[in-house]
Protein chains: 2
Amino acid sequence: MAEKGNKYGTHRVVEPQGVLTQAAQRISNDMAKLYTNEIICDVISLNIDSASFTQIKETCGKDPQKIEEMILGIVGERGKMQNPVTGSGGMFIGTVAYIGKDLKDRGLKIGDKIASLVSLSLTPLKIERIKKIHMDIDKVDIEGKAVLFESAIYAKLPDDMSEALALAALDVAGAPAQTAKLVKPGDSVLILGAGGKSGILSGFEAVKRASPTGSVIASVRRESQGKELIELGSCTDYIVADATQPVDLLEKALEANGGNEYDISISCVNVEACEMAAILPVRNGGIVYFFSMATSFTRAALGAEGVGKDVTMLVGNGYTKDHAEITLRELRESEKIRNLFNAKYI
Amino acid sequence: MAEKGNKYGTHRVVEPQGVLTQAAQRISNDMAKLYTNEIICDVISLNIDSASFTQIKETCGKDPQKIEEMILGIVGERGKMQNPVTGSGGMFIGTVAYIGKDLKDRGLKIGDKIASLVSLSLTPLKIERIKKIHMDIDKVDIEGKAVLFESAIYAKLPDDMSEALALAALDVAGAPAQTAKLVKPGDSVLILGAGGKSGILSGFEAVKRASPTGSVIASVRRESQGKELIELGSCTDYIVADATQPVDLLEKALEANGGNEYDISISCVNVEACEMAAILPVRNGGIVYFFSMATSFTRAALGAEGVGKDVTMLVGNGYTKDHAEITLRELRESEKIRNLFNAKYI
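Note that the structure is a prediction, hence the values are computed from the model and not measured. (Residues numbered from 1 in each chain as written. Chains lettered and ligands numbered in written order. Predicted model: local features only at pLDDT ≥ 70, side-chain atom pairs only at ≥ 80, totals over all residues. Heavy atoms only, no water.)

Our next topic: the pattern of salt bridges. Residue and element names in this part refer to chain A. Under the criterion given, the structure shown has 48 salt bridges over all chains. One salt bridge connects lysine 197 with aspartate 171, and the closest N-O pair in it is separated by 3.3 Å. With lysine 197 in helix α5 (residues 197-210) and aspartate 171 in the loop between α3 (163-170) and α4 (174-182), this residue pair connects regions lying 26 residues apart in the sequence. Lysine 197 gets classed as buried once you look at its relative accessible area, which sits at 17%. Between glutamate 272 and arginine 299 there is a salt bridge; the shortest N-O distance is 3.6 Å. (Salt bridge = Lys/Arg side-chain N within 4 Å of Asp/Glu carboxyl O. Helix = DSSP H or I, 4+ residues; strand = E, 2+ residues; numbered from the N terminus. Buried < 20%, exposed > 50% of the residue type's maximum accessible area, 1.4 Å probe, protein only.)

Residue and element names in this part refer to chain B. Close contact between helix α3 (residues 163-170) and helix α11 (residues 335-344) brings their axes to 10 Å; oriented N to C, the two are set at 100°. In terms of axis orientation, α3 runs roughly perpendicular to α11. Taking contact as the criterion, the partners of Leu165, Ala168 and Ala169 in α3 are, on α11, Arg338, Phe341 and Asn342. Looking at the contact of α3 with α11, its residues break down into four nonpolar, one polar and one charged. (Axes fitted to C-alpha atoms, helices over the stretch in contact; angles between N-to-C directions. Parallel < 35°, antiparallel > 145°, perpendicular 65-115°, else oblique. Contact = heavy atoms within 4.5 Å. Nonpolar A, V, L, I, M, F, W, Y, C, P; charged D, E, K, R; others polar.)

Structural alignment of chain A on chain B gives an RMSD of 0.1 Å, achieved by rotating through 180° and translating 0.0 Å along the axis. Look at the turn and shift together and you get a two-fold axis relating the two. When C-alpha distances to the rotation axis are compared across chain A, the minimum falls at leucine 314 of chain A, with a value of 2.4 Å. (Least-squares fit on C-alpha atoms with pLDDT ≥ 70 in both.)

When pLDDT is averaged along chain A, the result is 95, and 100% of the positions lie at 70 or above. On the interface metric, ipTM, the complex scores 0.90, and its pTM is 0.92. (pLDDT = per-residue confidence, 0-100.)

For the rest of this paragraph, the subject is the sheet that holds strand β13 (residues 282-290) of chain A. To summarise the sheet geometry, strands pair through backbone hydrogen bonds and adopt either a parallel or an antiparallel arrangement. The twelve strands are arranged β11(A)-β10(A)-β9(A)-β12(A)-β13(A)-β14(A)-β14(B)-β13(B)-β12(B)-β9(B)-β10(B)-β11(B) in an open sheet whose pairing can be described as mixed. Each having just a single partner strand, β11 (237-240) of chain A together with β11 (237-240) of chain B make up the two edges of the open sheet. Sheet twist, expressed as the average angle between the axes of neighbouring strands with direction ignored, equals 20°. For strand β14 (residues 312-315) of chain A and strand β14 (residues 312-315) of chain B, the ladder comprises three bridges, and the chain directions are antiparallel. Each residue of the ladder has a partner; that of leucine 314 of chain A, found in β14 of chain B, is leucine 314 of chain B. Across the face of the sheet, helix α7 (residues 246-256) of chain A comes into contact with β9 (188-192), β10 (215-220), β11 and β12 (262-267) of chain A while running at roughly 160° to β11 of chain A. Helix-sheet contacts for helix α7 (residues 246-256) of chain B involve β9 (188-192), β10 (215-220), β11 and β12 (262-267) of chain B, and the interaxial angle to β11 of chain B is about 160°. (Pairing = 2+ DSSP bridges.)

See the structure below:
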């Protein structure tokens, strides 16, 4: 008789006790004992996190045999594919093999092909054998099983596009999905780092949600990027500015918005010290959404106070409800974005 | 004829051009040229930031004459009291000497005694002479002038309490004011680091706004703190837990809330790695408000994603509209909080 595990998977923590599975040194990858709120998948492949795979390759002198041994060693010891040096994991692709009875209402069925959207660094994994190591794309085909906890997020892989295309978009799904929820018709939106993957998808969503009366201004580094974004439908206008130069960016951003401050700014710019460029152009009572991992909490908090800005500043959560569906819908709607992603990101 | 300056004071940046006054090496402290959107104050005293004053004292071997020369040197060179080593400033107390015509509607009059709530690291300052150095409280009495830009925030010092008491509360005014705006009647609220200055004030506000049907649970490190907070009216119940142990804290927090997840958590805990303790107890769709400067942006963003939590995470802005009024009102309402602050924080 299967019992119910902890929502976050703490029932599988072996040591040290009291932490979550990501922080644990070792977790249980016992696939024989079934829990009513777990999903077990037959794993097809592991997409190892780039920092982790690079470290493994270097340690092993790129010798496939040694890499195989090292991966089997890590998973054997820790019960999960978490690189002990980098701390990072990656994600897996697999087919659903078991669905606990508490999770029957998830819309999943045995055999569905899914991608895990939580890190391998917290996911119980058992490898029977390694089938192939794809050295250049950080991918390892295996035979084995992995567990998804009740709290885990994942996406059913769609039939109507390539796996690689879907994964490239799902990688940043939090940003466009949050954008879709924040932006209202008539809003003026400023997007920093608009030319990157998350910027393109967030901009497209912002244009859709702000229309027909709103405006979405993209901040980019090169004129050509701005033109491309208009062509893609990821902005209504653009400025060429450097987000590390907040005063100059502010002036250009205000000019592009008829002299008015913005309702919302969205920072996807993957460079340090761009917090003020996201804060200054926004009106009092407006929203600053930081999706960039280069964001400094203290620079944002003290920066807004220093200029007396009463803005709501949001930490970009990688997950929000329906984030996969919202993001994949963009690829379905826009042939131009599909083509760009196929050319550039896979 | 006075002209209008930039809202953020960039018209006073001397070098390097293109940055805000905080990032500038040197700004103009010319008090003869008047701008229509500036306020000039006769400064009474500078409250030097603790990190800065410690560095100055150590460099000068605590010699008052040398400290005086060093402060005059910094301000003479930079046009502001920004310690070149620590980068930090402090705040000033002074009386209003000039109000530009664009700021006539601020409810200020010549002679009003105010405290600046923006950092000295971005405030034009001219010192005529140093009158006294209060070595133990990081305070320097001076004769001189300082400028507040249109964007600057400040508070009129109240007549009904001591200056020191008002300043001790205003120091963390952002947290209780944001709490007052976030918490609604019936909400369940969890406060981490509830026993510190910002925790006490935020808890009091949360109880006020959640009442009569809501609950405010304080997480503290010692039983005695919990009892004190109930006595103060800063919580309705408490748990004794360690915020660096999220699983244990989660269990205790849920138990204290009838097994239910919280609508809002507020983190005032000044320790690293407490993000998960703030995220886990909150329901999907709830709010996590990070006021602690020890918060890591990436730990929060990746942590919420890892456990599939669709929560709105807010960066604690030190400023929000009416933050000084909301915070001082607490001191006026509660004799117990006044007594505690007088005993402990001034």
